[in-house]
Amino acid sequence: MTANASDLSAHVSPSVWRNTAAWTKAADIAVVLIAISLPWSTSLVAIFAVAWLLLLIPAIEWTGFLESMKRPACATPLLLFAVAVVGTLWAMDISWSDRLRGINPVAKLLAIPVLIYHFERSGRGLWVMLAFLASCTAVMLTSWLMFVDHRVVFDPARSLGVPVKNYIAQSQEFALCAFAAFGAAVYLLKAQRKTWAALLLVLGIGFLTNMVFVASSRTVLVCIPVLIVIFAAKHFSTRGFLLLMVAVIAASALAWTSSPYLRMRVATTGSEYQSYHERNAVTSVGERLEFWRKSIKFVAEAPLVGHGTGSTKTLFTQDAVGQAGASAQIIGNPHNQTLNVAVQWGLLGCLVLFAMWAVHLRLFAGTGLAAWVGLVAVVENFVSSLLNSHLFDFHEGWIYVLAVGVAGGMVLRVSRTAKLTAGQA
């Protein structure tokens, strides 16, 4: 009996481990679950991310994996993480617990090259995109329901129309989904699949309308005009571009006159700045300006390699001594991605950060749905990072990681297939 069991184990186990297709599909499903849970839960994203890595290990062909890591799109996130790790060595007067916590926001970027490798081989990247779109659509419909019926409230402490997370995170995912849907509608229209194109167009408008009337961040209101221009330039002729811009201006005027919420969001920017300027009051706008002013001073003190990993909060704490109002605020996030990097790692870190963004933009310079989704994700992250540290924030950072990793793998898969086809011809 024991011998038979041993023989069975010896016979079955190797075949299970060598079933690369099964392990790859299981890893695909784990990433789909990450995409579904990202708009709703932080814990589930972490759980499914670990599951994905464990399921992917048996499917990895290590020689090809290591070669893939040498690509600029894969190497630059690894390099930024390496800078964060090495930066712990010159973080003077900073506890090691703070130094290690400073590495944590960068660690998620390690998933980008692994996702690129995975989805270059998988062929199921579209599953992930559809899963994220469906999950965000559920959030959007719930948001509308809360707006229409105020009794439908998950958490009274949240803003109206924000069922989970916060309005900043919700706005970032809605903007990505809206413009991804618009791009997909264009490609479907070219393929004469008019019904699906119309459905995606309506869905995209639903996301944008929600941000106009229900809940939005001021950051996303800066991102949307940039994305509109890129969308029009990417998908339309000169005449189409001009016509679309006229339509957008008309729609914007209609939104402005019909949405008290939109006017309120814009108007508070001026009042918050005035309160900060005149009374050093603690307002959202005033805090940002104060964070930037102090961060620029910190960068000037150590311009080349910064103050080291995890130093930001300590610097703000020291500078707040004897201060009042907005000047007394202490934070570990200066609400600007470039300054967040520069304070800790100086010019060195900024060069790596901008190299990563540039390389990822170049990766998505081509045509096709995957390239379009990746382009939207990178542009949105770059623009929003002027007003936040979205690359290092959990939710917004994972949106970037998932979009760039999955779409990047899909783009490289198409490129590799095209080269193989050309070689055979």
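To be clear, the structure that these remarks concern was listed above.
Residues numbered from 1 in each chain as written. Predicted model: local features only at pLDDT ≥ 70, side-chain atom pairs only at ≥ 80, totals over all residues. Heavy atoms only, no water.

### Some points on the overall build of the protein chain
Stated precisely, the cut-off is as follows: Every helix listed is a DSSP run of H or I at least four residues long, and every strand listed is a run of E at least two residues long, numbered separately from the N terminus. Here the globule rule is a power law, 2.2 Å times the number of residues to the power 0.38, and the radius of gyration is based on C-alpha atoms. Only protein chains enter the area calculation, which uses a 1.4 Å probe; residues under 20% of their type maximum are buried, those over 50% are exposed, and those in between are partly exposed. Any two residues whose heavy atoms approach within 4.5 Å are treated as being in contact. Charge convention: Lys and Arg are scored as positive, Asp and Glu as negative, and His as well as the terminal groups of each chain are ignored. Taken as the charge location is NZ of Lys, CZ of Arg, CG of Asp or CD of Glu.
Scanning the protein chain from terminus to terminus reveals 18 helices and 0 strands. For the protein chain, the C-alpha radius of gyration of 23 Å lies close to 22 Å, the compact-globule estimate for 425 residues. In the protein chain, which comprises 425 residues, the share counted as buried stands at 50%. Counted over contacts in the protein chain with a minimum sequence separation of 6, partners at least 24 positions apart contribute 75%. Computed over 30 positive and 19 negative side-chain charges, the separation of the two mean positions in the protein chain equals 10 Å.

### Thoughts on unusual backbone geometry
Among all residues save glycine, negative phi is the norm, and among peptide bonds the norm is trans. Unusually for a residue other than glycine, Lys-165 sits at a positive phi of about 55°. Note that Lys-165 resides in the loop between helix H8 (125–148) and helix H9 (167–190). The buried category is assigned to Lys-165, whose relative accessible area is 19%. Even without being glycine, His-335 reaches a positive phi, approximately 60°. Note on placement: His-335 falls in the loop between helix H15 (312–319) and helix H16 (337–363).

### Some remarks on a nonpolar patch on the surface
Note the cut-off: What goes into a patch is any residue over 30% in relative accessible area without a salt bridge, connected to like charges within 9 Å or, for nonpolar side chains (Val, Leu, Ile, Met, Phe, Trp, Tyr), within 5 Å. Exposure was quantified through the Shrake-Rupley algorithm and a 1.4 Å probe, taking into account, for residues, occlusion by the shown protein chains and nothing else. We count a salt bridge whenever a side-chain nitrogen from Lys or Arg sits within 4 Å of a carboxyl oxygen from Asp or Glu.
Judged by side-chain polarity, Val-85, Val-86, Leu-89, Trp-96 and Leu-100 come together as a nonpolar surface patch covering roughly 490 Å² of accessible area. Note on Leu-89: relative accessible area 60%, which makes it exposed.

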